[in-house]
Amino acid sequence: MTEPLGRRERKKAATRQKIADTALRLFLERGYDAVGIRDVAAEADVAVTTLFSHFPSKEALVFEQDQDFERRLTRAVTDRAPGEPLMPSLRREMHALVRHCTADGAAPIWRMIDASPALRQYEQSMRLRHAESLAAAVAADLSLPGTTTACRSIARFVIDAFSLARDAEDPQAAVDEVFRMIEAAWETTGHAVAGASSGA
């Protein structure tokens, strides 16, 4: 069970959300390149140092749920019910993430990201980091001594499902389509990796 946040943590979370909401509003109103860090801090009524204590870069302001999404993906592995297969759990979480990121109002944000080389590069590095975290969680789930190429490959396929689904006409159907291929690959590689880890 998640422990309730204390007063200090709630205040910190509220400040972080206020900064992120302010930044996104300014970026959409004026254009990403036309807004600086000082503009965001002034509009949110916080010091620049406070902004940087919550967000390491201007790009991070756009992807403010980065760490939450990464945790959700790894928890789909680590916190699934005993005996629940891995891929259905990841598929379910990916459906939820895609629903969130294709909801009403999301399109202008993605257009902004697609139009900015800096944001596209940040998103790419973020997805690679998510894939590495997911691969490590899968390896640990299989009791492997380290992250294998098979784990990394499957993790990258899962992360790529997000980008492919986001651009599809029917995002949820696209998730299912991609996961059918992922699950077929996992049927081949996953059992082999698991067998190797157990010495079978």
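In this text the structure is predicted, and so the values were computed from the model without any measurement.

Explain the overall build of the protein to me, using residue names and the numbers behind them.
What the protein contains, in helices and strands, is ten helices and zero strands. Taken from the N to the C terminus, the helices and strands of the protein come in the order α-α-α-α-α-α-α-α-α-α. Taking the principal axes of the C-alpha coordinates as reference, the protein spans close to 60 × 40 × 25 Å. Counting every position in the protein, which comprises 200 residues, the buried fraction comes to 42%. Sequence separation of at least 24 residues holds for 68% of the intrachain contacts in the protein that already meet a minimum separation of 6. Approximately 11,300 Å² of the protein is accessible, and the part contributed by carbon and sulfur atoms is 53%. Treating the 26 positive side-chain charges of the protein as one cloud and the 29 negative ones as another, the clouds have centres 6 Å apart.

Quick one: what's the story with helix 9 (residues 149–166), residue by residue and with numbers?
Side chains of residues three or four places apart in an α-helix project in the same direction, reflecting 3.6 residues per turn. The end-to-end C-alpha distance of helix 9, which contains 18 residues, comes to 26 Å, matching closely the 26 Å that a straight helix rising 1.5 Å per residue would cover. Within helix 9, burial applies to A150, C151, I154, A155, V158, I159, A161, F162, A165 and R166.

A description of helix 5 (residues 66–78) should follow, citing residues and the corresponding values.
If you check helix 5, its first and last C-alpha atoms are 19 Å apart, about what 13 residues at 1.5 Å a residue would give, namely 18 Å. Those residues of helix 5 not exposed but buried are D66, F69, E70, L73, T74, A76 and V77. End-on, the buried residues of helix 5 take up no more than an arc of 145 degrees, which puts them together on one face. Opposite its buried face, helix 5 presents the exposed residues Q67 and T78, each directed more than 90 degrees away. On its buried side, helix 5 packs onto helix 6 (86–101), helix 8 (117–141) and helix 9.

Can you tell me about the nonpolar core, naming the residues and giving the values?
One recurring pattern in soluble globular proteins: nonpolar side chains tend to sit buried together. By size, the foremost hydrophobic cluster in this structure holds 59 residues, and its most contacted members are F27, V40, L90, M94 and F179. Among the elements that line this core, the one with the most residues is helix 8, at nine residues.

Explain the packing of aromatic side chains to me, and be specific about the residues and the numbers.
What describes a pair of aromatic rings is the distance from one ring centre to the other and the angle between the planes of the rings. For the coordinates displayed, the defined rule picks out three aromatic pairs. With a centroid separation of 5.4 Å and an interplanar angle of 20 degrees, the aromatic rings of F63 and Y122 are classed as stacked. Highlighted residues: F63 in the loop between helix 4 (58–62) and helix 5 and Y122 in helix 8, separated in sequence by 59 residues. Y122 carries the same exposure label as F63, and that label is buried. For the pair W110 and F162, a centre-to-centre distance of 6.1 Å together with 55 degrees between the ring planes defines the contact as tilted. Taken together, the residues W110 in helix 7 (residues 107–115) and F162 in helix 9 connect sequence positions 52 residues apart. We classify W110 as buried; its relative accessible area is 12%. The ring of Y32 is capped by K58, whose NZ or CZ atom sits 4.2 Å from the centre of that ring. Positioned above the aromatic ring of W110 is the side chain of R166, whose terminal nitrogen or guanidinium carbon lies 3.7 Å from the ring centre.

Now, about the packing of helix 5 against helix 6: what can you tell me, with residues and values included?
Interhelical geometry of helix 5 versus helix 6 gives an angle of 160 degrees and a closest axis separation of 8 Å. Of the possible angle classes, the one that applies to helix 5 and helix 6 is roughly antiparallel. The two elements helix 5 and helix 6 meet at a crossing, and its hand is right-handed. Residues F69, R72, L73, A76 and V77 of helix 5 form the contact with helix 6, whose participating residues are L86, S89, L90, E93, M94, A96, L97, H100 and C101.

Any details on the packing of helix 6 against helix 9? Residues and values, ideally.
Running from N to C, helix 6 and helix 9 point in directions that differ by 30 degrees, and their axes come no closer than 10 Å. With respect to helix 9, the axis of helix 6 lies roughly parallel. Note that helix 6 runs across helix 9; the crossing there is right-handed. For the pair formed by helix 6 and helix 9, the contact residues are M87, L90, M94, L97, V98 and C101 on the first element and I154, V158, A161, F162 and A165 on the second. Tallied by class, residues from the contact of helix 6 with helix 9 come to eleven nonpolar, no polar and no charged.

Definitions and cut-offs
- Residues numbered from 1 in each chain as written.
- Predicted model: local features only at pLDDT ≥ 70, side-chain atom pairs only at ≥ 80, totals over all residues.
- Heavy atoms only, no water.
- Helix = DSSP H or I, 4+ residues; strand = E, 2+ residues; numbered from the N terminus.
- Buried < 20%, exposed > 50% of the residue type's maximum accessible area, 1.4 Å probe, protein only.
- Contact = heavy atoms within 4.5 Å.
- Areas by Shrake-Rupley, 256 points an atom, 1.4 Å probe, with all protein chains shown as cover.
- Lys, Arg positive; Asp, Glu negative; His and termini not counted.
- Charge placed at Lys NZ, Arg CZ, Asp CG, Glu CD.
- Expected span 1.5 Å × (residues − 1).
- Arc of directions from axis to C-beta.
- Core = buried A, V, L, I, M, F, W, Y, C linked by side-chain atoms within 4.5 Å.
- Phe/Tyr/Trp six-rings, centres within 6.5 Å; stacked < 30°, edge-to-face > 60°.
- Lys NZ or Arg CZ within 6 Å of the ring centre and 35° of its normal.
- Axes fitted to C-alpha atoms, helices over the stretch in contact; angles between N-to-C directions.
- Parallel < 35°, antiparallel > 145°, perpendicular 65-115°, else oblique.
- Left-handed = near helix turned anticlockwise from the far one by under 90°.
- Nonpolar A, V, L, I, M, F, W, Y, C, P; charged D, E, K, R; others polar.

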